[in-house]
Amino acid sequence: MKGENLILNFSDIYTRGGLTETLLQRGEKFRLADLSSVPGTSCYLDPLSRAEILSATAPVSEHFRWIDTGDYHYVSALFSSLCDRPFTLLLFDNHPDDQTPSFEGVLSCGSWVLEAENNPLCRRIVREGPDGLFDSLDFSPSENIYISIDLDVLSTDCVRTDWSQGEWTLKDLKSALDYVAASGAGILAVDICGGLSESKGATGESDRINLACYLELFDYFKHDFKPRYVCC
C-alpha cells in the first residue's frame, strides 16, 4: 500500500470509537489531523475554515483519507481540487450530494458534488448507489480516478451512519472496487466517510459495528486492493 492513511478527526468517531487505538496497537502507520477545534465544519463549511483544513492536512499525499462522518463529505471537494491532472470522480453514496446549498456560496455535505463538477479537471462523475451495482463502471487504462466512498451506501448490518442507508454489503463494495482496479485506470486517491458521532446518537453497539467495518476496509485497502496508483 503506497502512502499511509490520513485520518481526519472532526467528531471523534475514529478516536472514541477505537480505530486509532487499534491501529496503534497493530503497529499500523497513519497520520491523524485533529480538526475538532476548527469552527463551522459540521455539514456546512464556513468559508474561513476551508483554508484552515487544507493547511492542517497539507501536504495531502496519502492515498487513503478517512474523513469522518458523512457530515464532512465536502472534504472530497477540497482534496480533489488539489489534483493536478484530469480525473473522473467515482462516487459511492446513497445520496447524490448535488443539491443546491441552502446558503449561497457555502459548501455543504449535500452540495459538494456541484463544486466538484465545476472543477475544470473533473471530466466526468460516475455515481454508484442504491440503483444497482456496477452501473457504468467502465474505465480505460488512460483514465485517472478519484474515488469517494460514503459508507451510507452500505446496509445497517455493515455500518451505522447518521444518514439514510442503502443495502450494499461490504462484499458488494469490495467487488466494485476490485472491478475498478482491474480496469487498469490510475487511482489518485480514495476518500472514505460515514459513521455515527456521539452527538448523533452513537452507542457501544454502533461503535463496535463501525469499528469492525473500518478495520475490514483498512485491511482490504492494505492487502487486497491492487490498482495502479498515480500521484494526485
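Residues numbered from 1 in each chain as written. Predicted model: local features only at pLDDT ≥ 70, side-chain atom pairs only at ≥ 80, totals over all residues. Heavy atoms only, no water.

Student: Would you mind going over the state of the cysteines with me for this structure?
Tutor: A covalent bond between the sulfur atoms of two cysteines is referred to as a disulfide. Applying the stated criterion across every chain, the model contains zero disulfides. Free of any disulfide, C122 has its nearest cysteine sulfur in C83, 9.3 Å distant. Here C213 stays free of any disulfide, with the sulfur of C158 as its closest cysteine sulfur at 6.6 Å. (Disulfide = S-S within 2.5 Å.)

Student: What's the story with the pattern of salt bridges in this structure? I'm lost.
Tutor: Any two side chains of opposite charge can pair, so long as their charged atoms come close to each other. Per the stated rule, a full pass over the model turns up 14 salt bridges. Between D162 and K200 there is a salt bridge, with the nearest N and O atoms lying 3.5 Å from each other. Here D162, found in the loop between strand 8 (144–150) and helix 6 (170–182), pairs with K200, found in the loop between strand 9 (186–193) and helix 7 (204–224); they are 38 residues apart in sequence, far enough to count as distant. With its nearest N and O atoms 2.7 Å apart, the salt bridge here joins E216 to K174. Taken as a pair, E216 in helix 7 and K174 in helix 6 lie far apart in primary sequence, 42 residues in all. By relative accessible area, which is 19% here, K174 ends up buried. Salt bridges linked by common partners bring R26, E28, D219 and K222 together as one network. (Salt bridge = Lys/Arg side-chain N within 4 Å of Asp/Glu carboxyl O. Helix = DSSP H or I, 4+ residues; strand = E, 2+ residues; numbered from the N terminus. Buried < 20%, exposed > 50% of the residue type's maximum accessible area, 1.4 Å probe, protein only.)

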